[in-house]
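# Coordinates in review
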There are 2 protein chains.
Amino acid sequence: MADLARELGVSMTTVSRALSDHHSIGAATKQRVLKLAKKLNYQPNHMAAALRRGQSRLLGVVVPYIEGKFFPSVIQGIEQAASKAGFSVIVCQSHEDVQLERRNVETLLNAQVAGVLVSLARNTQEFHHFDKVRGRGIPLVFFDRIPAGEQVNSVVLDDHAGALQATSHLLAQGCRRVAHLAGPQHLNIYRHRRQGYLDALAAFGIAPDEALIDYSDMTTEDGAAAMRRLLALPNPVDGVFGAGDSAILGALQALKAQGISIPRDVALAGFSNEGFTAITEPRLTSVDQRCEEMGEAAVRLFLELAAAPHAPFAQRQVVLQPELFVRESSLQGQA
Amino acid sequence: MADLARELGVSMTTVSRALSDHHSIGAATKQRVLKLAKKLNYQPNHMAAALRRGQSRLLGVVVPYIEGKFFPSVIQGIEQAASKAGFSVIVCQSHEDVQLERRNVETLLNAQVAGVLVSLARNTQEFHHFDKVRGRGIPLVFFDRIPAGEQVNSVVLDDHAGALQATSHLLAQGCRRVAHLAGPQHLNIYRHRRQGYLDALAAFGIAPDEALIDYSDMTTEDGAAAMRRLLALPNPVDGVFGAGDSAILGALQALKAQGISIPRDVALAGFSNEGFTAITEPRLTSVDQRCEEMGEAAVRLFLELAAAPHAPFAQRQVVLQPELFVRESSLQGQA
DNA sequence: CAACTACTCACAAACGTTTGCAGATAGCCT
DNA sequence: AGGCTATCTGCAAACGTTTGTGAGTAGTTG
């Protein structure tokens, strides 16, 4: 930058201001500076700028993991929106571990990120490690998996609506004994999906039966085990709504292993619209989560928070509407 | 840091040196500093440090995309190794677009990364955008998809060996007319896989037939189309080795659509060991790519380069050995 | 003509570290 | 005692920006 200033016979101040389009620099000067900057291939040192203003153009993201479809897609949305706003994204995985989540947050703070976007680890039940973030006045946005019982800025899917829709669909297809593969209930998403399931039953005038709800960590193996248990019940089930696609995949495999026809004997519907839902046989009905939109929304929210100088106490919430993708695993018509 | 110094009645110099374990600081002083630092919850400002020494603790990664299994797993490996060495990772996607890849590299340089790890976009055939990285003396490591005909630091899978192994396996199972679904040949990985296929044929004394090699972008749809074409040939194929799992999935679907038995009539083997290979029916034989190892190796290489002050011209190469996962899609025994 | 506005620019002090150099203390040898 | 080394510590100058303050010039107004 000093070179630029010397070459043009102006001060560094002017150069700096010209580059950042400050109002107090003449249009002519700006042009000259910009042109020379390009010519000399000037590369601004973001660190110095960040140091000076105490804020970088980095956006920190913490997710439980990046396999499957959901988180990569969300990150995709985040990156897109972020780069549009001139931010770079730095991604950390908590591997479903609070401990690591804490470390990740530290790392991000040390990297002087301008904002932090988080989707909680499965076993995070305590949220003090985020106080530091707020304490430094850094915008904090949760998405998908958000802290229970806390007022936070968040972007979530309307899990309740998705579950309601999926379950209603099964019931509309004629199912009468619909089971539910439920996830850990301390996570908002799984709690809401369960409630959606229950409310759908209620809407159809069917009494809920706790024996038909299976709680697990929702792995494929969990789903298969649950299905086997459900099949052993005296009163047969004729439909299963799973709070995750992996579990439903397990159920599918268990059913096929016993030669039970899908969807004729048992209809299936899952949640997440994972890639593999389109390659199982039959293909799986599932609730799509608007992944990219969620990422974009999270960034938008961050930008708003960053713009409002030390925002008020009011925390903002964004709720996205899911969409049910109906496939053969739940279509009674073509058993 | 000033607080620490004042509190302890020493200079900032001492504090800085104590924290970075400099040899000229007494053990007692170090202890005192460290203890107070913990007590006051001192958070070093990495930006300032980075600015001063012209180097951050950030590692930049550019990948084509982060869906599927391969890249997330590699990133996983990178993160693990990097965080062990005290580095944070910042991930960018090129979306298979040189243009974006170029921008990503710029972004990373502006973020003052300490190193750059790259897997090329599909259409990158020209590599000048990496000159800047080298120009600044920043370690540059390519992995998996590396520049053709350039001397670079790289970590790759032995794709040739993997393809050789997979094809040999098909031949050993009794296949005699084995087709190959090939990817874009300007990418090292696909070129090597094709060569491995050819060499396996040669080893079994089978003459290659260009009509049995299908070139495409390896999507599921491409694979299905290729399979349909192969089935229409006068002389039937009895095995297919695909340079990617998605394409083989397409082939699988096309075969089943025509009621052809797998592996009895046609055996299949793919590449990447994607997650879905275990849920198709029959499950798909595939070559595993040692994803995490690749990430770790890339970071190790980076660290070595960073340690060697302005390394010599010799570029280092790391080659990992793949592993064939045999599943039902290629086991003639249990047709 | 004086006073005011609008515009343009430069000085220099930050931001929070690291580090070359030099100063200080103590112990040891001759 | 003097000189040496070894060990420890502080001063102050960097690193490359941003920005508050103030000064200068021109144009406009009363």
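Everything below is about the structure printed above this text.
Below is a summary of the structure that appears in this document. Residue positions are counted from 1 within each chain, in the order its sequence is given. As a convention, the first chain written is A and the first ligand written is 1, with the rest following in written order. Since the coordinates come from a predicted model, pLDDT governs what is reported: local features require at least 70, and pairs of side-chain atoms require 80 or more to be given and counted, while whole-chain, interface and lining totals use all residues. Hydrogens and water are ignored here; the side-chain numbers use all heavy atoms of the structure.

Attention shifts here to the overall build of chain A. Looking only at helices and strands, chain A features 12 helices and 12 strands. C-alpha extents for chain A along the principal axes are approximately 90 × 40 × 30 Å. When each of the 335 residues of chain A is scored for burial, the buried share is 53%. Only heavy atoms enter the contact rule, under which two residues are in contact if any of them lie within 4.5 Å. For chain A, the share of sequence-separated contacts (at least 6 apart) that also reach a separation of at least 24 residues comes to 74%. For chain A, the exposed surface amounts to about 14300 Å²; the carbon and sulfur share of it is 52%. Only four residue types enter the tally: Lys and Arg on the positive side, Asp and Glu on the negative side, with His and both chain ends excluded. Charged side chains are reduced to one point each, which is NZ for Lys, CZ for Arg, CG for Asp and CD for Glu. For chain A, the centre of its 33 positive side-chain charges and the centre of its 34 negative side-chain charges are spaced 10 Å apart. The secondary structure listing takes helices from DSSP runs of H or I that are at least 4 residues long and strands from runs of E that are at least 2 residues long, numbered from the N terminus. Categorising residues by exposure relies on relative accessible area from a 1.4 Å probe, with only protein chains included: less than 20% of the type maximum marks a residue as buried, more than 50% marks it as exposed, and the intermediate range marks it as partly exposed. Note on areas: Shrake-Rupley with a 1.4 Å probe; residue coverage comes only from the protein chains shown.

Now for the protein's contact with DNA strand D. In the vicinity of DNA strand D, 24 residues are found, and the nearest of them are M12(A), S16(A), R52(A), T14(B) and S24(B). Whether a residue is near a molecule or strand depends on its heavy atoms: if one lies within 4 Å, it is near. In DNA strand D, atoms within 4 Å of the protein come 52% from sugar and phosphate. The separation between a base oxygen of DNA strand D and a polar side-chain atom of T13(A) is 3.4 Å. One of the backbone nitrogen or oxygen atoms of N45(A) is found 3.3 Å away from a phosphate oxygen of DNA strand D. Looking at the surface near DNA strand D, the elements that each hand over two or more residues are α2 (12–19) and α4 (46–53) of chain A together with α2 (12–19) and α4 (46–53) of chain B. The biggest single contributor to the surface near DNA strand D is α2(A), with 4 residues. For this classification, the nonpolar set comprises Ala, Val, Leu, Ile, Met, Phe, Trp, Tyr, Cys and Pro, the charged set comprises Asp, Glu, Lys and Arg, and every other residue, Gly included, is treated as polar. Looking at the surface near DNA strand D residue by residue, the classes come out as 9 nonpolar, 11 polar and 4 charged. Polar contacts, as counted here, are pairs of nitrogen or oxygen atoms within 3.5 Å of one another; within protein the pair requires one atom able to donate a hydrogen and one able to accept it, and residues that are adjacent in sequence qualify only if both atoms are side-chain atoms.

Turning our attention to the pattern of salt bridges. Residue and element names in this part refer to chain A. Salt bridge, as used here: a side-chain nitrogen of Lys or Arg that lies within 4 Å of a carboxyl oxygen of Asp or Glu. Evaluation of the coordinates by the stated rule reveals 38 salt bridges over all chains. In this structure, D131 engages R134 in a salt bridge whose closest nitrogen and oxygen atoms are separated by 3.3 Å. Of this pair, D131 and R134 both sit in helix α7 (residues 131–135), 3 residues apart, which is roughly one turn of that helix. Residue class for R134 comes out partly exposed when judged on its relative accessible area of 32%.

Turning our eyes to something else, we now look at the environment of P64(A). By secondary structure assignment, the location of P64(A) is in the loop between β1 (58–63) and α5 (70–84). Taking C-alpha positions, P64(A) is 21 Å from R300(A), a pair spaced 236 residues apart along the chain.

Another point: the sheet that holds strand β3 (residues 115–118) of chain A. All names here are of chain A. In short, DSSP must find at least two bridges between two strands for them to pair. With parallel pairing, 6 strands are arranged side by side in an open sheet as β2-β1-β3-β4-β5-β11. Whereas interior strands pair on both sides, the edge strands pair on one side only; in this sheet they are β2 (88–93) and β11 (317–320). Strand-to-strand twist in this sheet, taken as the mean axis angle between neighbours without regard to direction, amounts to 15 degrees. Working convention: axes come from line fits to C-alpha atoms, limited for helices to the stretch in contact. Angles between N-to-C directions cover 0 to 180 degrees.

Time to look at the packing of aromatic side chains. Here is the rule: rings of Phe, Tyr and Trp (six-membered ring for Trp) pair when centre to centre is within 6.5 Å. Planes less than 30 degrees apart are stacked, more than 60 are edge-to-face, and the remainder are tilted. Going through the model one piece at a time under the given rule, you end up with 10 aromatic pairs over all chains. Geometrically, the ring pair formed by F87(B) and F302(B) is edge-to-face, given 5.3 Å between the ring centres and 90 degrees between the ring planes. Pair noted here: F87(B) is in the loop between α5 (70–84) and β2 (88–93) and F302(B) is in helix α12 (residues 291–307), with a separation of 215 residues, a long-range link. Across this residue pair, the class does not change: F87(B) and F302(B) are buried. Taken together, a centroid distance of 5.1 Å and an interplanar angle of 85 degrees make the contact between F130(B) and F142(B) edge-to-face. With F130(B) in the loop between β3 (115–118) and α7 (131–135) and F142(B) in strand β4 (residues 140–143), the pair connects residues that are 12 residues apart, well separated along the chain. The pair formed by F130(B) and F142(B) is uniform in burial state, with each residue classed as buried. Through a chain of ring-to-ring contacts, the aromatic side chains of Y65(A), F70(A) and F71(A) assemble into a single cluster. We call a charge positioned above a ring when the Lys NZ or Arg CZ atom is no farther than 6 Å from the ring centre and deviates by at most 35 degrees from the ring normal. For R57(A), the ring lying beneath its charged end belongs to F87(A), and the centroid distance is 4.3 Å. Here the basic side chain of R193(B) rests over the ring of F271(B), its NZ or CZ set 3.8 Å away from the ring centre.

It is worth spelling out the protein's contact with DNA strand C at this point. S11(A), T14(A), M12(B), S16(B) and R52(B) are the nearest of the 25 residues found near DNA strand C. Among the atoms of DNA strand C lying within 4 Å of the protein, the sugar-phosphate backbone contributes 53%. One of the side-chain N or O atoms of T13(A) is found 2.8 Å from a base nitrogen in DNA strand C. R17(A) is positioned such that a nitrogen or oxygen atom in its side chain is 2.7 Å from a base nitrogen of DNA strand C. Secondary-structure elements contributing two or more residues to the surface near DNA strand C are α2 and α4 of chain A together with α2 and α4 of chain B. With 4 residues, the single largest contributor to the surface near DNA strand C is α2(B). Tallied by class, the residues present in the surface near DNA strand C amount to 9 nonpolar, 12 polar and 4 charged.

Moving on to the relation of the copies chain A and chain B. The transformation that overlays chain A on chain B combines an axial shift of 0.1 Å with a rotation of 180 degrees, and the residual RMSD is 0.2 Å. Those values place the two copies in the arrangement expected of a two-fold rotation axis. In terms of C-alpha distance to the rotation axis, chain A has I90(A) as its closest residue, with the C-alpha 2.1 Å off the axis. Taken together, the interface assignments show that 100% of the residues at the interface of chain A recur at the interface of chain B, consistent with an identical surface on both copies. Least-squares fitting of one copy onto the other uses the C-alpha atoms of those residues that reach a pLDDT of at least 70 in both copies.

In this section: the packing of α2(A) against helix α3 (residues 27–39) of chain A. All names here are of chain A. Between α2 and α3, the shortest axis-to-axis distance is 9 Å and the interhelical angle comes to 90 degrees. Relative to α3, the element α2 lies roughly perpendicular. Side by side, α2 and α3 meet where T14, V15, A18 and L19 of the first sit next to T29, K30, V33, L34 and A37 of the second. Looking at the contact of α2 with α3, its residues break down into 6 nonpolar, 2 polar and 1 charged. In what follows, roughly perpendicular refers to angles from 65 to 115 degrees, roughly parallel to angles under 35, roughly antiparallel to angles over 145, and oblique to any angle outside these ranges.

Our next topic: a nonpolar patch on the surface. All names here are of chain A. On the surface, M1, M12, L19 and L34 cluster together into a nonpolar patch covering about 320 Å² of accessible area. Relative to the helices and strands, M12 is located in helix α2. On the accessibility criterion, M12 (44% relative accessible area) is partly exposed. A patch consists of residues whose relative accessible area exceeds 30% and which take part in no salt bridge; residues with like charges are grouped when within 9 Å of each other, and nonpolar side chains (Val, Leu, Ile, Met, Phe, Trp, Tyr) when within 5 Å.

All names here are of chain B. On the secondary structure map, T29 appears in helix α3 (residues 27–39). Its relative accessible area of 22% is what places T29 among the partly exposed residues. For T29 and V15, which are 14 residues apart along the polypeptide, the C-alpha to C-alpha distance reads 8.8 Å.

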